[in-house]
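Structural overview for review
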Amino acid sequence: MGRKKHYLEYCGLPWHIAMIDSTGLFGPCCGKFIGKIKLIRDVQNFWNGKEYRKVRKNLIKGKSKGICADCIYLKVMLNKEYLDEDEVGKIWGCPRPQNPAVQVEQKPKYMAVNFTSRCNLSCFMCRDPKTNPLDERNFPEMPFELIQALAVNYFRDLESLITAGSGEIFVHRNLLKIIDIIQQYRPKLVTTSTNGSFNVSEDLWRRFISVNDLLMFSVDSVSEELHKEIRGFDMKKLFRNLDIVNKIRDNEFPNFKYGFSYVIMKKNVHEMFDFVRKAIDEWGASQINFMHVHGHDDESVLLEKEWQLKYNKQLTLIKDYDIDKDIVMEIPDFAYDADGNVLTDKNNRTINSVER
Ligand SMILES: C[S@@+](CC[C@H](N)C(=O)[O-])C[C@H]1O[C@@H](n2cnc3c(N)ncnc32)[C@H](O)[C@@H]1O
Ligand code: SF4
Ligand code: SF4
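If you're wondering where the values come from, they're calculated on a predicted model, not measured in any experiment.

Rules used throughout
Counting of residues starts from 1 at the beginning of each chain's written sequence and follows it residue by residue. Key to labels: chains lettered from A, ligands numbered from 1, both in the order written. Only residues with pLDDT of at least 70 are given local features in this predicted model, and only at 80 or more are side-chain atom pairs given and counted; all residues enter the totals for whole chains, interfaces and linings. Secondary structure elements follow DSSP: runs of H or I of four or more residues count as helices, runs of E of two or more count as strands, with numbering from the N terminus. Using C-alpha atoms as the atom set, the radius of gyration is obtained and then compared with a globule rule of 2.2 Å times the number of residues to the power 0.38. Burial is judged by counting other C-beta atoms within 10 Å of a residue's own C-beta: 20 or more means buried, 12 or fewer means exposed, and anything between counts as partly exposed, with every C-beta placed from the backbone. Once C-beta atoms are placed from the backbone, any two residues with those atoms within 7 Å are in contact. Remark: nonpolar core denotes a set of buried Ala, Val, Leu, Ile, Met, Phe, Trp, Tyr and Cys residues whose joining runs through C-beta atoms within 7 Å. The criterion for a residue being near a molecule or strand is a backbone-placed C-beta atom within 6 Å of that molecule or strand. Angular values range over 0 to 180 degrees, each being the angle between N-to-C directions of two axes fitted as lines to C-alpha atoms, with helices fitted over their stretch in contact. Roughly parallel here means an angle under 35 degrees, roughly antiparallel means over 145, roughly perpendicular means 65 to 115, and every remaining angle is called oblique. Only Asp, Glu, Lys and Arg are considered charged in this grouping, and only Ala, Val, Leu, Ile, Met, Phe, Trp, Tyr, Cys and Pro are considered nonpolar; every other residue, Gly among them, is considered polar. Here a strand pair is declared whenever DSSP counts at least two bridges between the two strands. Multiply 1.5 Å by the residue count of a helix minus one, and that product is the helix's expected span. On a range of 0 to 100, pLDDT expresses the predictor's confidence in each residue. By convention, orient the strands away from the viewer: a clockwise path from the first strand over the helix to the second makes the crossover right-handed.

**Remarks on the overall build of the protein**
Looking only at helices and strands, the protein has twelve helices and twelve strands in total. By the compact-globule yardstick of 21 Å for 356 residues, the protein fits well, its C-alpha radius of gyration being 20 Å. Expressed as lengths along the three principal axes of its C-alpha atoms, the size of the protein is roughly 60 × 50 × 40 Å. Taken over 356 residues, the protein has a buried fraction of 37%. Summarising the internal contacts of the protein: among those between residues at least 6 apart in sequence, 73% fall at separations of at least 24.

**Description of the nonpolar core**
One finds Met111, Phe260 and Ile264 to be the most contacted residues of the largest nonpolar core, which totals 79 residues. The contacts of isoleucine 264, once residues within four sequence positions are left out, are Val269, Met272, Phe290, Met291, His292, Val293, Val301 and Tyr311.

**Focus on the site of ligand 1**
Taken together, 19 residues sit near ligand 1, with Met125, Cys126, Ser193, Ser218 and Ser261 positioned nearest. Secondary structure elements with two or more residues in the shell around ligand 1: strand E8 (190–194) and strand E10 (257–264).

**Focus on the packing of helix H6 (residues 144–153) against helix H7 (residues 175–184)**
Viewed as axis vectors pointing N to C, H6 and H7 meet at an angle of 10°, and their least axial separation amounts to 10 Å. Judged by the inter-axis angle, H6 sits roughly parallel to H7. Residues Phe144, Ile147, Gln148 and Ala151 of H6 touch H7, and the partners they reach there are Lys177, Ile178, Ile181 and Ile182.

**A few points about the site of ligand 2**
Taken together, Tyr7, Cys11, Leu13, Pro14, Pro28, Cys29, Lys32, Ile67, Cys68, Cys71, Tyr73 and Leu74 make up the full set of residues adjacent to ligand 2. Of all the elements in the fold, those that place two or more residues in the shell around ligand 2 are helix H2 (13–16) and helix H5 (72–77). Of the residues that constitute the shell around ligand 2, the class distribution is eleven nonpolar, no polar and one charged.

**Considerations on the sheet that holds strand E2 (residues 17–20)**
Ordered by their spatial adjacency, ten strands build an open sheet running E4-E3-E2-E6-E7-E8-E9-E10-E11-E12, and the pairing between neighbours is mixed. Two strands lie at the open edges of the sheet, namely strand E4 (35–36) and strand E12 (328–330), each paired on one side alone. Strand direction decides the pairing type here: E8 and strand E9 (residues 214–218), joined by four bridges, are parallel. Paired with threonine 191 across the bridge in E9 is leucine 214.

**Thoughts on helix H12 (residues 305–320)**
A rise of 1.5 Å per residue sets the reference length of H12, with its 16 residues, at 22 Å; its end C-alpha atoms lie 22 Å apart and thus fit the reference within 8%. Here H12 has its buried residues at Gln308, Tyr311, Asn312, Lys313, Gln314, Leu315 and Thr316. Buried positions along H12 lie against E10 and helix H11 (272–281).

**Focus on the pairing of E10**
For E10, a buried count of seven out of eight residues is recorded, marking the element as mostly surrounded by other parts of the structure. For E9 and E10, the ladder comprises five bridges, and the chain directions are parallel. Each residue of the ladder has a partner; that of leucine 215, found in E10, is tyrosine 258. Sheet analysis places E10 next to strand E11 (residues 287–292), joined by six bridges and oriented parallel.

**Regarding the confidence of the model for the protein**
Mean pLDDT over the protein works out to 91, with 93% of the residues at or above the 70 mark. Counting contacts from residues 350–356, a segment whose pLDDT is below 50, to residues more than four positions away or on other chains yields eleven contacts.

**Quick look at the environment of phenylalanine 198**
As for its position among the elements, phenylalanine 198 is in the loop between E8 and helix H8 (202–210). Along the sequence, phenylalanine 198 and phenylalanine 217 sit 19 residues apart, while their C-alpha atoms lie 12 Å from each other.

**Re unusual backbone geometry**
The backbone of asparagine 79 shows a phi angle near 50°, a positive value even though the residue is not glycine. Assessed through the 21 C-beta atoms surrounding it within 10 Å, asparagine 79 is described here as buried.

**A few points about the environment of leucine 317**
Within the secondary structure, leucine 317 sits in helix H12. A sequence separation of 41 residues divides leucine 317 from valine 276, and the C-alpha atoms of the two residues are 9.9 Å apart.

**Let's talk about the packing of H11 against H12**
Axes are the key here: two packed helices are described by the angle between their axes and the distance separating the axes. Look at H11 against H12: their axes get within 8 Å of each other, and the N-to-C directions meet at 30°. Classified by the angle their axes make, H11 and H12 are roughly parallel. Across the interface between the two elements, Met272, Phe273 and Val276 from H11 touch Gln314, Leu317 and Ile318 from H12. In terms of residue class, the contact of H11 with H12 is built from five nonpolar, one polar and no charged.

**As for the pairing of E11**
Consecutive residues of a regular strand have side chains that alternate between opposite faces of the sheet. Most of E11 sits inside the fold, with five of its six residues counted as buried. Relative to E12, E11 runs parallel, the two being bridged by three bridges. Residue pairing across strands places glutamine 287 opposite valine 328, the latter belonging to E12. In this region the chain leaves E11, passes through H12 and returns to the parallel neighbour E12; the handedness of that crossover is right-handed.

**Thoughts on the environment of serine 201**
Positionally, serine 201 belongs in the loop between E8 and H8. Distance in space between the C-alpha atoms of serine 201 and isoleucine 244 is 8.6 Å, their sequence separation being 43 residues.

Next up, the structure:
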């Protein structure tokens, strides 16, 4: 085990990543922006500019300032206020450079581009059910011209492109053109997240898979009822898509991988371990990502002891499960007490001895 560091001593995202939202806002991670792109050269201007340098400088000094003052990604979603040196580089594959003062590359190597904020669903933890998720006035779509300019100027040099973000890529009006432009300026690695709810034809899946290396299906339960409650559609549609994806992968794209993302909430925390088993043993996952819910304190399992214990119990079961080393797991940390110890149940048994 390496030394524990506060995430501010560790986070390397602003040295590696440009995240661009559907309106052109630019920053290092979810919802943290330093400016808005108007011309395509602004990407480089922001990347090498004063504001981004300030973000990097504050992190080097360990200062919780500016956009990092309230870190959603590491502190809230991954519950990782402290990290082990062993974990350095695992998160987004972005370790802070050995010498943080070192000049960054002229262009970012990793990009997360939110092609659209529109969606066909109103998932419980993501949308206000009273708002139409397809309404572009509330949920903008990135104009194809911007996507094209990003592709032409940056995609080919990227180590990794993460598409989607706050919406559903399959609703984008220019999906076919997007697939073609990614094909033309193919980054080394492309990852997309989808809700898996569409009746996607075999042909469209084939084209989509041809420009993706990793596809993450967002599924937050194993039971059909809970899935319907959270995501609002019948899970059978997801499995229909999964069957097609598997067939195409097996026959045509053996290197293509898919996995599942799970948002941890009070309503589904009890299914976490079952989810891991199903995702690996039955659904064929190569990767599993867990994240804590943000923006819904009433559903967070990190704020009350009763829920922290339920969460720790599931985490223990998962960590004790014999998972193939080739399967990538991104999983948040245990819940700790004020003294920095992993919370145990009231009989004071260590969490490792908790039985199901
Ligand atoms: C906003 S979605 C966009 C991509 C696609 N529509 C999907 O559902 O995968 C990206 C990821 O954010 C997760 N997410 C949605 N609401 C969240 C919340 N309140 N807290 C944490 N993650 C959330 C989703 O489950 C999904 O894995
Ligand atoms: S907000 Fe958090 S994840 Fe984002 S750059 Fe700052 S420390 Fe890193
Ligand atoms: S499918 Fe994705 S973007 Fe759409 S509401 Fe659900 S989590 Fe949000």
